[in-house]
Each structure stands twice: as C-alpha cells, then as structure tokens.
Amino acid sequence: MLGMGRMGRALARRLLAHDFAVAVWNRTPGRAAEVLDAGGHEAPTPEAAAAGRDAVLLSLADDEAVREVMERLWGIEPGPVVVDTSTISPAASRAARDLAPGRSYVAAPIAGGPTMVVEGKATALIGGDRALVERLEPIWADVFSSTAYCGEDPGTAVAYKLLNNYLLMSGLAALGEVVATAQALGLDEGLTRALLLQWPTVAPMLHGRLDDLITGDHGGWFTTRLGAKDLRLARMLAAGAGVDLPLARLVERRYEEAAEKGWSDHDIAAVVELLRQ
Ligand SMILES: NC(=O)c1ccc[n+]([C@@H]2O[C@H](COP(=O)([O-])OP(=O)(O)OC[C@H]3O[C@@H](n4cnc5c(N)ncnc54)[C@H](OP(=O)(O)O)[C@@H]3O)[C@@H](O)[C@H]2O)c1
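Calculation rules
Residues numbered from 1 in each chain as written. Predicted model: local features only at pLDDT ≥ 70, side-chain atom pairs only at ≥ 80, totals over all residues. Heavy atoms only, no water. Axes fitted to C-alpha atoms, helices over the stretch in contact; angles between N-to-C directions. Helix = DSSP H or I, 4+ residues; strand = E, 2+ residues; numbered from the N terminus. Parallel < 35°, antiparallel > 145°, perpendicular 65-115°, else oblique. Left-handed = near helix turned anticlockwise from the far one by under 90°. Contact = heavy atoms within 4.5 Å. Nonpolar A, V, L, I, M, F, W, Y, C, P; charged D, E, K, R; others polar. Pairing = 2+ DSSP bridges. Right-handed = clockwise from strand over helix to strand, strands pointing away. Core = buried A, V, L, I, M, F, W, Y, C linked by side-chain atoms within 4.5 Å. Buried < 20%, exposed > 50% of the residue type's maximum accessible area, 1.4 Å probe, protein only. Near = heavy atom within 4 Å. Polar contact = N/O pair within 3.5 Å; in protein donor to acceptor, adjacent residues only side chain to side chain. Areas by Shrake-Rupley, 256 points an atom, 1.4 Å probe, with all protein chains shown as cover. 1 Å grid on protein atoms, 1.4 Å probe; cavity = no way out; pocket = protein on both sides within 12 Å on 5 of 7 lines; lining within 4 Å. Sits in = over half its atoms within 2 Å of the grid points. Points joined across faces, edges and corners; volume = space filled by probe spheres on them. Domains from an automatic or database assignment. Salt bridge = Lys/Arg side-chain N within 4 Å of Asp/Glu carboxyl O.

### Section: the packing of helix α9 (residues 154–184) against helix α13 (residues 224–240)
Two quantities define a packed helix pair, namely the angle between the helix axes and the distance between the axes. Running from N to C, α9 and α13 cross one another at 120 degrees; their axes reach a closest spacing of 9 Å. It follows from the interaxial angle that α9 and α13 lie oblique. In this structure, α9 crosses over α13, and the sense of that crossing is left-handed. Contact residues: A159, L162, L163, N165, Y166 and M169 in α9; G227, A228, D230, L231, L233, A234 and L237 in α13. Residues that form the contact of α9 with α13 fall into these classes: 10 nonpolar, two polar and one charged.

Here it is as structure tokens:
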C-alpha cells in the first residue's frame, strides 16, 4: 500500500483485517503507526513495498504524486498489478497505466471516506483490463461494499469519480450557505437540522457533514485542499469536452479560498467558515 494518508491508512487497515499481508510506504516516514500496530510492515521505498507482491495499491494526493511514484515502479520484475485508488485526472490515470509494469494497471477511485473504508461500506469505480479486474476479485470483495465496472479505459472510472465529487462539493457549499443563513436568521437549530435531514433536496451524501456545518467542528476526513483539486479536475474534464462550467469555477474558488485562509488541512465542510468571517 503506497501512501499513508487518511485513505491509505484506512485501506491498509481494511486489508489487514481481512488477513492480507500488507507492506506500506509513505513519502514522509513515520505516519503509519496505526497500520503497523494492526500488523502491517513499513518498507523503505515504493519499490521495496511493491516487489514480489501480487498487487500494489496507491492512495496518493494528486496527478504529480501518482506520476512520481509510478516512475519508481516502472521496470519492477515481475511486476505487481497496480490498483490506483487516488482521485486524479483521466490523462494522469492513462499515463500511470503506461508506466505500470506490464501496463498492469487498474483505476479504482473510491466513493466514501476513510471510516466507510475501514467498515467496508465504501464503493469503488473500476476501470481497466477486464481480466486484471477479475484477478483482483478478492480485493473488491473484502474491501468494498460494491463496485461499478466502467470499462477498459482507466480514465473513464476517474471521470465518473470527478463528476461525483463535483456534486458533493457544490452541494456542500450550497448547504453551508443554507445553514449559515438559518443561523443568521435565528431559526431554531433543532428544527433546521431535522428539516434538512428530511428534505429530499439535501443529498444523502451531505447528511454526514450537516453537524460539522452547524457546529463549526471541521476535523473531518477530506481536506479543502484536495477538494479544490477535484473541482479543478472536474472543470478541466468538462472543458476538454467543450463544456464550460461557470458554477464549478465559482465553487472551486470557494474551496481554494477556504484553504488559503487557514483551512487547508481541515475538512471540506470548513467552506462554510468563509460566510462567518
Ligand atoms: N479522504 C477522503 O475522504 C477521500 C475520499 C475519496 C478519495 N480520496 C482521494 O484519495 C487520495 C488520498 O487522499 P487522503 O485524504 O488520504 O489525502 P492525505 O491524507 O492528504 O494524504 C495524501 C497522501 O499523498 C502523499 N503524497 C502527496 N504528494 C506526494 C508525492 N509527490 N509523492 C509521494 N506521495 C505524495 C502524502 O504523503 P506525505 O505524508 O509524505 O505528504 C500522503 O500519503 C486523494 O487522491 C483523494 O482525493 C480521498
């Protein structure tokens, strides 16, 4: 497992709980304590973690991180299948496949946060050679509650993932505006909360962040920095297909601003704080 951020640690813990033998690597050493306690062992380099393995999973921040790590895996013999769960651009995903040993690369971007991964409740969008995907069935079965096969092109799976995150991030920014307005109006907090959880206009995926928006506790699990990255990638994806997304540009700017104003390592729900300053 390469990448010991929030998601990488969660994936490693889920794999260890299902008796996979797991070696981990992180660019910055010393961030894998909970995984080592759960039975993983730390490798000094990505090459050492990947060599001799059936599969190597990636959970890395962005396009650049994936490219840098894939360049180090290139040439490993015999090569493991690379399963890239990172949210990156379709172009970066295709380039990563070309760098993978034997081009054995499957994109598996994840819908759901780290806690859902640990509990086996997350879902994955999968893109890659069908025979490779079938070989990885033990991983899909033990780690995810469901998967959706999006075709041979890994870029298609990440394209769907980016569209999904655009819905999440724009919905959350709008919900933050509703919460901040209800609070400014002095509306009853309990009633506001109950109605927002009941209204079909509020997507179920936003329910888990409603209390964070109300209370301002933004410990969370997905940072504004990475959220802004996903919006940029979604906007560029659309632009590449000739569709300008003015709303995405505005929403992207909101998360960038939240990151610039000190919330970069806080949860995306911190976007609401721009309204409270
Ligand atoms: N958190 C979520 O809820 C969630 C949900 C779905 C998908 N994702 C996606 O999953 C991926 C990981 O997210 P996360 O929340 O775990 O992020 P995170 O906690 O910020 O961790 C990012 C990881 O990327 C590594 N990294 C960054 N730049 C690197 C580079 N140039 N070379 C090597 N490693 C590098 C970091 O290493 P260092 O420790 O050395 O910085 C760290 O291990 C992202 O693509 C994200 O969009 C996250």
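On we go from here.
### A word on the pairing of strand β3 (residues 55–58)
Summarising the sheet, β3 and strand β4 (residues 81–84) pair through four bridges and their orientation is parallel. Residue pairing in the sheet places L58 in a bridge with D84 of β4. In this region the chain leaves β3, passes through helix α4 (residues 63–73) and returns to the parallel neighbour β4; the handedness of that crossover is right-handed.

### Looking at the pairing of strand β7 (residues 123–126)
Pairing geometry for strand β6 (residues 110–111) and β7, over two bridges, is antiparallel. Bridge pairing in β7 links I110 to A124. Strand direction decides the pairing type here: β7 and strand β8 (residues 146–149), joined by four bridges, are parallel. Residue pairing across strands places T123 opposite S146, the latter belonging to β8.

### Here we look at the nonpolar core
Of all hydrophobic cores here, the largest spans 33 residues; its most connected members are M169, L175, L213, Y255 and I268. Contributing elements (two or more residues each) for this core: α9, α12 (210–215), α13 and α14 (246–263). The element best represented in this core is α9, accounting for nine residues. Counting residues in hydrophobic clusters, the runner-up holds 28 residues, among them A12, V35, I110 and I126.

### Considerations on the site of the ligand
Contacts to the ligand come from 26 residues, most closely from M7, N26, T28, R31 and W221. R27 is positioned with one of its side-chain polar atoms (N or O) 2.8 Å from an oxygen atom of the ligand. Within the backbone of W221, a nitrogen or oxygen atom sits 2.8 Å from a nitrogen atom of the ligand. If the ligand stood free it would expose 900 Å²; the protein chains cover 91% of that surface. More than half of the atoms belonging to the ligand lie within 2 Å of the grid points that define the largest pocket. Secondary-structure elements contributing two or more residues to the shell around the ligand are α1 (6–17), α4 and α13.

### Examining the layout of surface pockets
Empty space within the largest pocket amounts to approximately 1,300 Å³. Along its surface, the largest pocket is lined by 46 residues, and R6, M7, S59, A61 and L226 are the ones closest to its centre. Mapped by element, the contributors of at least two residues to the lining of the largest pocket are α1, α4, β6, α6 (114–118), α9, α11 (204–207) and α13. Broken down by element, the residue count for the lining of the largest pocket peaks at five residues, all from α4. Here the residues of the lining of the largest pocket are counted per class, giving 17 nonpolar, 15 polar and 14 charged. Each of domain 1 (6–152) and domain 2 (159–275) gives at least three residues to the lining of the largest pocket. Of the voids in this model, the second largest pocket is the one considered here, and its volume is about 360 Å³. The wall of the second largest pocket is formed by 17 residues, among which F20, A21, D54, A55 and I139 lie closest to the centre.

### Some points on the pattern of salt bridges
Charged atoms that come close allow side chains of opposite charge to pair. Under the criterion given, the structure shown has 18 salt bridges. Residue R103 is joined to D98 by a salt bridge in which the shortest nitrogen-to-oxygen separation is 2.8 Å. The exposure class assigned to D98 is partly exposed, which follows from its relative accessible area of 41%. Close ionic contact of D244 with R249 constitutes a salt bridge, the shortest N to O distance being 3.0 Å. D244 sits in the exposed class, given a relative accessible area of 53%. Assessed through its relative accessible area of 39%, R249 is described here as partly exposed. In the salt-bridge network here, residues are joined through shared partners; they are R9, R13 and E34.

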